[in-house]
Amino acid sequence: MNGAGDPGRPTTSNPVTLSRDDVIHVARLARLELGDDEVELFTAQLRSVLDHAADVAALDLAHLEPSTRPIAVENVLRPDEPRPSLDRAEILAAAPSVEDHRFRVPRIGGEAP
Amino acid sequence: MSSARALAAAVRAGERSAREATEGALDAVAARDGVLHAFLSVQGDEALARADEVDAIVARGGDPGPLAGVALALKDNLCTRGTPTTCGSKILQGWCPPYDATVVGLLQGAGAIPLGKTNMDEFAMGSSTENSAFGPTRNPHDTGRVPGGSSGGTAAAVAAGFTPLGLGSDTGGSIRQPAALCGVVGMKPTYGRVSRYGLVAFASSLDQIGPFAADVEDAALLFDVLAGHDPLDSTSLSSVPEPTVDALERGVDGVRVGVCPDLIEGCAADVAARVGEAAEALAGAGARVEEIRIPEFAYGLSAYYLIAPAEASSNLARYDGVRYGLRVDGEDAAAMNTATRTAGFGAEVKRRIMLGTYALSAGYYDAYYAQAQRVRTLVMQAFERAYCSVDLLLGATAPTTAFALGAKVDDPLSMYMNDICTIPSNLAGHPAISVPFGGGDDGLPVGVQVLAPALEEALLFRVARVLQEAAPPGGPPEGGVAA
């Protein structure tokens, strides 16, 4: 391929196959609860996607920098001047539960680490 | 149905009233959207009030703007103040944003009449609009088929002739693929060219808002209204865009077009044949057409389906039942978060959140997420090399014509394959357009895709217009619902 370079050659460090326990673990991290049948289904479906991604995982691309976005990162600043923000009453009106102009939530604590 | 530009010209000249045009659009939706389900909500009273304002401006000798009186369909992930914005999800059912997306303000400033909010795959995750929590949209050309997705509601609204124009969002092809399947024009602008302020985030480094229209001229007209800098979007480009409508007539004489087999070979034979004919049409119009291989595109799909879910898993962490949307109670905050998200998200959104969480988790970050970002660099460099020898690339938009409802819902990977030709432009942040170009063996619309380097939207529209003029017969019926 003239000038196109080598897209990369396979390495031996393919990630391991996604397990049922991985799915349960990841669902817990994402605060999702799965039924047993969903764990089965999602394990098979996510495994097929990750198996497809093995083509990418197997490439030797150590010479390339990762790209986080398509345009150059630059700091965006504006003058630090007070100005109106969104209407508080309108914001609170959209909340599921409110008390004393604040968002009300159930007890925080007693969470698993 | 008249074009947006003809309608706007007539309204600005006082020859047609915006109210009469808006009433016509609302009547069409009332008569035919029961079957299609392009809209999730229609704001008829607000639309008529806007139309009256436009007519009043004309009556007192003013100019309401380039889209005067033109009805428009908005994808339901664009924030509209005081109007439900669901993203096709139960978790946002009934939520009314406290502000307008920048593009909504721009449209109103141009005299357009937002008619309603259109159906979509939940949080824009899907390629068929079947992942909507509120039921699928049907393809106006064959109601047994999907309209594509995720902006399937907007594509169907324009294809059915409900509105001349519409807005969608494109993260991996969600404007271009439904445009192809519905036989309309759909365009993804350069990343940062159109403000994303008020677009509910899916994958922030890939998302872009763009126009749908029945033809290229109208798409360019709408794009010119949307393009520009917005201080409310920190990724908005500061350069001033040149109007693209002025360049539409310039043709393609001497333009170097690279026909890319890597954007064709995985497609059905009828789709591939149309792309070949499109290349011949451009050559006939004076373009210098050559074949150009970009094998790196083959890795785009895998990279995208790691990067987009990773970003989504972070962006969708905000749906926690605290500040807006659904709450399902639990004994403590964590249980409430979990119960809310479990009840509020559909299966595809859960899959992507889990996939993204996994790709970002300890032990897999380098192997999957960082690796996918390196592939992104690889794809960007491949584009750069290609654009040393050609000005544009030509390929298919979608691998097939519209498929049957239900055909792919049980196999996520086969659904993801719909995006294989559209993903590279998102990874690179480049503009690309889908133009209807004849029909497939089943008589359904085929779209061909033109890809261009960053900020070359004017060139994209020029080429698209030549393709539109050369498109073979046997394509989609214009602006009507097939019997």
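Residues numbered from 1 in each chain as written. Chains lettered and ligands numbered in written order. Predicted model: local features only at pLDDT ≥ 70, side-chain atom pairs only at ≥ 80, totals over all residues.

## Examining the overall build of chain A
Broken down by element type, chain A carries four helices and two strands. Helices and strands appear in chain A in the N-to-C order α-α-α-α-β-β. By the burial criterion, 19% of the 113 residues in chain A qualify as buried. Contacts spanning at least 24 positions in sequence make up 53% of the contacts within chain A whose residues lie at least 6 apart. (Helix = DSSP H or I, 4+ residues; strand = E, 2+ residues; numbered from the N terminus. Buried ≥ 20, exposed ≤ 12 C-beta atoms within 10 Å, placed from the backbone. Contact = placed C-beta atoms within 7 Å.)

## Points about the nonpolar core
All names here are of chain B. Counting 182 residues, the largest nonpolar core has V70, L72, V185, L392, L394, V450 and V463 as the members making the most contacts within it. Looking at this core, the element that brings in the most residues is helix α12 (residues 365–389), giving 11 residues. Looking at this core, you find at least three residues from each of domain 1 (4–249) and domain 2 (298–373). If sequence neighbours within four positions are ignored, V185 has contacts with A179, F212, A213, D215, V216, A219, I433, S434, V435 and A464. (Core = buried A, V, L, I, M, F, W, Y, C linked by C-beta atoms within 7 Å. Domains from an automatic or database assignment.)

## Focus on the interface of chain B and chain A
Counting from both sides, the interface comprises 61 residues of chain B and, opposite them, 51 residues of chain A. The set of elements that each furnish at least two residues to the side of chain B that touches chain A consists of α9 (300–315), α10 (333–344), α11 (347–360), α12 and α13 (412–416) of chain B. When residues in the side of chain B that touches chain A are grouped by element, the largest group, 13 residues, is from α12 of chain B. When its residues are assigned to classes, the side of chain B that touches chain A shows 31 nonpolar, 17 polar and 13 charged. (Nonpolar A, V, L, I, M, F, W, Y, C, P; charged D, E, K, R; others polar.)

## Topic: helix α8 (residues 269–284) of chain B
Residue and element names in this part refer to chain B. With 16 residues, α8 should cover 22 Å at 1.5 Å per step; its first-to-last C-alpha distance of 22 Å lies within 8% of that length. Looking at the buried positions of α8, the neighbouring elements they touch are β7 (256–259), β8 (288–291), β9 (392–396), β10 (432–439), β11 (445–451) and α15 (457–470). Once α8 ends, the next one or two residues include G286, with phi positive near 110°. (Expected span 1.5 Å × (residues − 1).)

## Side note on the confidence of the model for chain B
In the predicted model, chain B carries a mean pLDDT of 96, and 98% of its residues have values of at least 70. Across the predicted assembly, pTM comes out at 0.95 and ipTM at 0.92. (pLDDT = per-residue confidence, 0-100.)

## Some points on the sheet that holds strand β2 (residues 71–75) of chain B
Residues and elements named next belong to chain B. Taken in spatial order, the 11 strands make up an open sheet running β1-β3-β2-β4-β6-β5-β10-β11-β9-β7-β8, and their pairing is mixed. Looking at the sheet topology across the chains shown, the edges are occupied by β1 (39–42) and β8. Ignoring which end each strand starts from, the neighbouring axes of this sheet average 25° apart. Of the strand pairs in this sheet, β7 and β8 are connected by four bridges, and their pairing is parallel. Bridge pairing links R256 to R288 in β8. Along the sheet face, α8 touches β7, β8, β9, β10 and β11 and points at about 150° away from the line of β9. In this fold α15 packs onto β5 (185–188), β9, β10 and β11, with an angle of close to 0° to the strand it touches most, β10. (Pairing = 2+ DSSP bridges. Axes fitted to C-alpha atoms, helices over the stretch in contact; angles between N-to-C directions.)

## Section: the domain arrangement of chain B
Accessible area lost when the parts come together is the quantity often used to give the size of an interface. Residues and elements named next belong to chain B. If you check the domain split of chain B, you get domain 1 (4–249) and domain 2 (298–373). Each of domain 1 and domain 2 was reduced to a C-alpha centroid, and the two centroids are 27 Å apart. At the interface, 20 residues of domain 1 touch 17 residues of domain 2. Class assignment of the residues belonging to the side of domain 1 that touches domain 2 gives a composition of 10 nonpolar, eight polar and two charged.

## Quick look at the environment of E277 of chain B
Residue and element names in this part refer to chain B. Looking at the secondary structure, you find E277 in helix α8. Residue E277 is classed as partly exposed on the basis of its C-beta count, with 18 C-beta atoms lying within 10 Å. In this structure, the C-alpha to C-alpha distance between E277 and D411, residues 134 residues apart in sequence, is 32 Å.

## What to know about the pairing of β7 of chain B
Residues and elements named next belong to chain B. Handedness of the β-α-β unit built from β7, α8 and β8 comes out right-handed. Across three bridges, the pairing between β7 and β9 is parallel. Within β9, the position partnered with V257 by the bridge is L392. (Right-handed = clockwise from strand over helix to strand, strands pointing away.)

## Notes on the pairing of strand β4 (residues 165–169) of chain B
Residue and element names in this part refer to chain B. β4 sits mainly inside the fold: five of its five residues count as buried. Here three bridges tie β2 to β4, and the two strands are oriented parallel to one another. When the sheet's bridge partners are listed, A73 is paired in β4 with G166. In this structure, β4 lies alongside strand β6 (residues 209–213), joined through five bridges in antiparallel fashion. In the strand pairing of β6, L167 is matched with P211.

## Observations regarding the packing of helix α2 (residues 18–36) of chain B against helix α3 (residues 44–59) of chain B
Residue and element names in this part refer to chain B. Interhelical geometry of α2 versus α3 gives an angle of 160° and a closest axis separation of 8 Å. The angle between the axes of α2 and α3 places the two elements in the roughly antiparallel class. Between α2 and α3 lies a crossing whose hand is right-handed. The segment α2 lies against α3, with A18, R19, T22 and L26 engaging G44, A47, L48, A51, D52, V54 and D55. Taken together, the residues of the contact of α2 with α3 sort by class into six nonpolar, two polar and three charged. (Parallel < 35°, antiparallel > 145°, perpendicular 65-115°, else oblique. Left-handed = near helix turned anticlockwise from the far one by under 90°.)

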